[in-house]
Structures are given as C-alpha cells and as structure tokens.
Amino acid sequence: MSKKEIKKSSRYLAVEIIEKIEQEEAYSNLLLRQVIEDHDLIIEDRNLLTELVYGVLQRKYTLDYQLEPFIKKQKKMKNWVHQLLRVSLYQMEYLERIPAHAIVNEAVNIARFRGHKGIAGLVNAVLRNIQRKGVRKVDEIENKIERFSIQYSVPIWLVEEFIVDLGEDEAEQLLASFSDRPKLSLRVNTKEISREEAIESLKKEGYDSVKSKISPYGIIVLNGIPAGTSLFKKGLVSVQDESSMLVAPAMNISIGDYVLDACAAPGGKTMHIASTFLSTEAGGKVQALDIYDHKIRLIKQNAYRQGLEERVYTQKMDARQVSEKFGKETFDRVLVDAPCSGLGLIRRRPEIRYNKSKQDIEKLHKLQLEILNDASQTLKSGGELVYSTCTLTKSENQEVVKKFLATNTNYQQLSVDLPENELTLEEDGSLVIYPHQYETDGFYIARFKKS
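As a starting point, this report considers the structure included with it. (Residues numbered from 1 in each chain as written. Predicted model: local features only at pLDDT ≥ 70, side-chain atom pairs only at ≥ 80, totals over all residues. Heavy atoms only, no water.)

Focus on the pairing of strand E12 (residues 443-450)
The buried count for E12 comes to seven of eight residues, which makes it a mostly enclosed element. Examined bridge by bridge, strand E10 (residues 411-414) and E12 share four bridges and lie antiparallel to one another. Note that in E12 the partner of Tyr-411 across the bridge is Lys-450. Looking at chain direction, strand E11 (residues 431-433) and E12 are connected through three bridges and run antiparallel. The residue of E12 that forms the bridge with Leu-431 is Ile-445. (Buried < 20%, exposed > 50% of the residue type's maximum accessible area, 1.4 Å probe, protein only. Helix = DSSP H or I, 4+ residues; strand = E, 2+ residues; numbered from the N terminus. Pairing = 2+ DSSP bridges.)

Points about the packing of aromatic side chains
Following the criterion strictly, the structure yields 11 aromatic pairs and no others. Relative to Tyr-354, the ring of Tyr-61 has its centre 5.2 Å away and its plane inclined at 55 degrees; by these criteria the two rings are tilted. Of the two residues, Tyr-61 is situated in helix H5 (residues 60-71) and Tyr-354 in helix H18 (residues 352-355); the sequence distance between them amounts to 293 residues. Taking the centre distance of 5.1 Å and the plane angle of 25 degrees together, the rings of Tyr-90 and Tyr-94 count as stacked. Separated by four residues within a single helix, Tyr-90 and Tyr-94 lie in helix H6 (residues 79-94), roughly one turn from each other. With relative accessibility at 31%, the residue Tyr-94 sits in the partly exposed group. Put simply, the rings of Tyr-258, Phe-326 and Phe-331 pair up and form one aromatic cluster. The ring of Tyr-94 has Arg-59 sitting right over it, with the charged end atom 4.6 Å from the ring centre. Above the face of the Tyr-313 ring, Lys-285 is positioned so that its terminal group lies 5.3 Å from the ring centre. (Phe/Tyr/Trp six-rings, centres within 6.5 Å; stacked < 30°, edge-to-face > 60°. Lys NZ or Arg CZ within 6 Å of the ring centre and 35° of its normal.)

Some points on the pairing of strand E6 (residues 285-290)
With five of six residues buried, E6 is to be regarded as a mostly interior element. With four bridges connecting them, strand E5 (residues 258-261) and E6 associate as parallel partners. Within the sheet, the bridge partner assigned to Tyr-258 lies in E6 and is Lys-285. As a crossover connection, the stretch from E5 through helix H15 (residues 268-277) into E6 is right-handed. When E6 meets strand E7 (residues 312-316), the two strands line up parallel, connected through five bridges. The residue bridging Asp-290 from the neighbouring strand is Lys-316, located in E7. As a crossover connection, the stretch from E6 through helix H16 (residues 293-305) into E7 is right-handed. (Right-handed = clockwise from strand over helix to strand, strands pointing away.)

Some details on the sheet that holds strand E2 (residues 209-211)
Across the sheet, which stays open at both edges, the four strands sit in the order E2-E3-E1-E4 with antiparallel pairing between neighbours. Either end of the sheet is taken by a strand with one partner, and the two such strands are E2 and strand E4 (237-239). Recorded for the sheet is a direction-independent mean angle of 35 degrees between the axes of neighbouring strands. The sheet contact formed by strand E1 (residues 184-188) and strand E3 (residues 218-221) spans four bridges and is antiparallel. For Arg-187, the partnering residue across the bridge sits in E3 and is Gly-218. Across the sheet, helix H12 (residues 195-204) touches E1, E2 and E3, and the angle it forms with E2 is around 170 degrees. (Axes fitted to C-alpha atoms, helices over the stretch in contact; angles between N-to-C directions. Contact = heavy atoms within 4.5 Å.)

Focus: the pattern of salt bridges
Tallied over the entire structure, the rule returns 23 salt bridges. In this structure, Glu-22 engages Lys-60 in a salt bridge whose closest nitrogen and oxygen atoms are separated by 3.1 Å. You can see Glu-22 sitting in helix H2 (residues 10-24) and its partner Lys-60 sitting in helix H5, a full 38 residues away along the chain. Given a relative accessible area of 29%, Glu-22 falls into the partly exposed group. Given a relative accessible area of 11%, Lys-60 falls into the buried group. (Salt bridge = Lys/Arg side-chain N within 4 Å of Asp/Glu carboxyl O.)

Spelled out as structure tokens, the structure:
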C-alpha cells in the first residue's frame, strides 16, 4: 500500500479516532462523522470504519484482557500502538469476513508507516502469536463481578451499582445491551404530517421505516440516515430518541403556556414542546436556556429549521440562577432535563463508561439538585414541573427527587402521563427506561405539581 492509501484506510483512521477519544475525551459520534466527511469515504470504507471504532470501544476491556498475555513483557507501549493492536484483534475475533493474514499485513504496514521497523516487528510478532495460540476466554474468570466487567467492558464500580439497583440477572441483561447498535429514530411533527405520511414520504426517497412502539410521535429508520430528505429539510422530522420523546407529553402543557426548558441544548425537547403543544396565536412560548454560546446557537438553528422562531426564545444562562433572572411564579410549566452522566446513551457513545467515576456521579447529584431547587422557584402555583435525565443511576434520579421533595414541601409527585403502550411506571409514578427493555436510550422522568 502507498502512504496515501494507508492514511485513508479505515484501519488507520480507526486507530487515530480511538486514540483521540481516549486521550482527549472526544465524542465518538461527532469525531467519527467529522472524519468520514473530511475523507469523503466510500460506503464500504465508511461502514468498516464505523464498525471498528464502535466495536473496539464497546469491547475495550475484553480486548485488553485477551491482549495482556502477549504484551505484558513490553515495558512501555505508545498509545497508538496499543490502539492498533486492539483494532487488529477486534477484526480477528469479531469480523469473520476479513482473513487473518490481511489483518496482520495491514497492521504491519500501518506500524511501519507511523512508527519504524522495530514497532512493525513487534506488531507482527504479537498478532502472529495470537494467531498460533488463540486468546484466553473470559468465562475462565472466577469472580463474577470481575467477569461481568471484562465480558461487557464496564468498570467494576458501575457493574456493582447496576447489580445493587437491578439484581444480578437484570443487571447482566443491561450490561449485554451496551454492545447493541442503537436505532435511528425520528420525531414527526404530527401537527403538520402523520406518521403514516412520513413513512410513505421517506420510502419514496429510499428509506424504510416503521412506527415507534413507545412514542406516538416516533418512527424508526431501518436503513441509512435521511438527513437530506425533503421531510428533514422542511423541519417535519427531527432526530430524537424514542425515550426522549416521552418528556414533552409528560408536561401536560396547554397551548398558551409559558414554558421554561432550563437545560435545553441541543433543543430536541424544546422543539417538541413548541411544535406539538404550543400555539403562537394563544401566546404559547418556551424559554430555552443553556450555559454555552455554541449550544444556544444550535437551539436557534433547530428552531429556524423547524419554523418555530416565534415560539422559541433562547438565553445563555447558568440554570442554577434562573430565579434571579425571571423571578418567582413566572412559568406555567418547567422542564429540568438535567446535566447527567449520560449512562443511558452508552450504546451511542460507548466511551462514556470509561470517562465516568463514582465521584463524578456524586458531583452531578449535587448539581442536579441545585438546578432543580432554583428552577422550581420560577413555577407558578398550580403549575407542573418535570425532571428528566438520560442516565441510569439512582443517585442521579430517584435520590435527587427524594431530596427535592424533602426540602420543597409545596411540591407533590404525580404519575407521569404515558401514551397507550406497554410502558409501566414505578411505584412513585416516575418512569424508568433501561436500554435492554425497548432498545432505546436509558431515561428517567418524574413529574411534580406545585401546590
């Protein structure tokens, strides 16, 4: 292979992407999309690159467990060499269609191009050795928690957390689901077009889709990403996970309400509120806040694309200071979709699991409670507030709610309104969705009324 061919190969790009994700905590989905656009990859290379990046991130602990006996004598190994070995081993163990000799040869070429002859020799020796001896099996690990951690590539502290919350059997189902590929779901602006019409329109442009089973506003795209379709350009459909589509309906909004979305970016729930539940003629509007300028711009762009500028107002603001700006008894409805660990999104961003710690969860718990306490002051008496997250830990969900209610006795918890489907509520009326249940993002929704 020429140097130019190597630099544009899916395996070389995969090594670079995973290295950057690990060293700079870059977002896998955003970085992958950017690299694909920059290199103008053909569909086959694009698919292989996506498979390698997500596959390695989803199985990092497993791959390292299998690699360890073959590299333990190496005193120091450069990060990119480690990533190259992970990418190569992933292909050898999980992608049957690629011959082992081709995997080894390309890995050696990349090692020689990016490093030197010595590194190429090391990579060749390790991979040939794996070919001859095979890798050790995860089921040989006797300690169950350690085995779950290695098998499903999840930190031990998180395995323990899920087992405490869910019990061993369901925790394993959840852990196994983290390796499933996420579905692409679209929210349909049902005020303008029905789901049946949206499905038919997408079909004419080459995209097959079906109705969501848990959201009356959602459809699931079965092939490709329909960002260039007429529906998307007209703002009639938007990318949003099915579980996230349950938040706006839970707010029990009237068409003339003044709504606060305290942590709004990128604006999916804001747009759902504005497009489906508010009327410009009735004076309905939503105030969308975020702490970052670039995220405020993103909310504005979404509002413009969907023709909702008259109902969506934006402001850069720390959500812990809402009451200072707007004062008490201002809003008819308040949404606190709080900053969280994002563990419910692991299937979309598999690197999340490696970047979070128990200490992070504790800090987030404190932040979430501060935002909830402050934003709740701006709600009118008789108004309703919804608290939601896209995470899975009780510390960020149920325990935040428990503390909030203990110090805000003028609030009572209500049952979350659900569409007619198989979803069931918790005893306190909140909704908890885990990824293994409906193949969606993990989500938590709780609803309150101010007396």
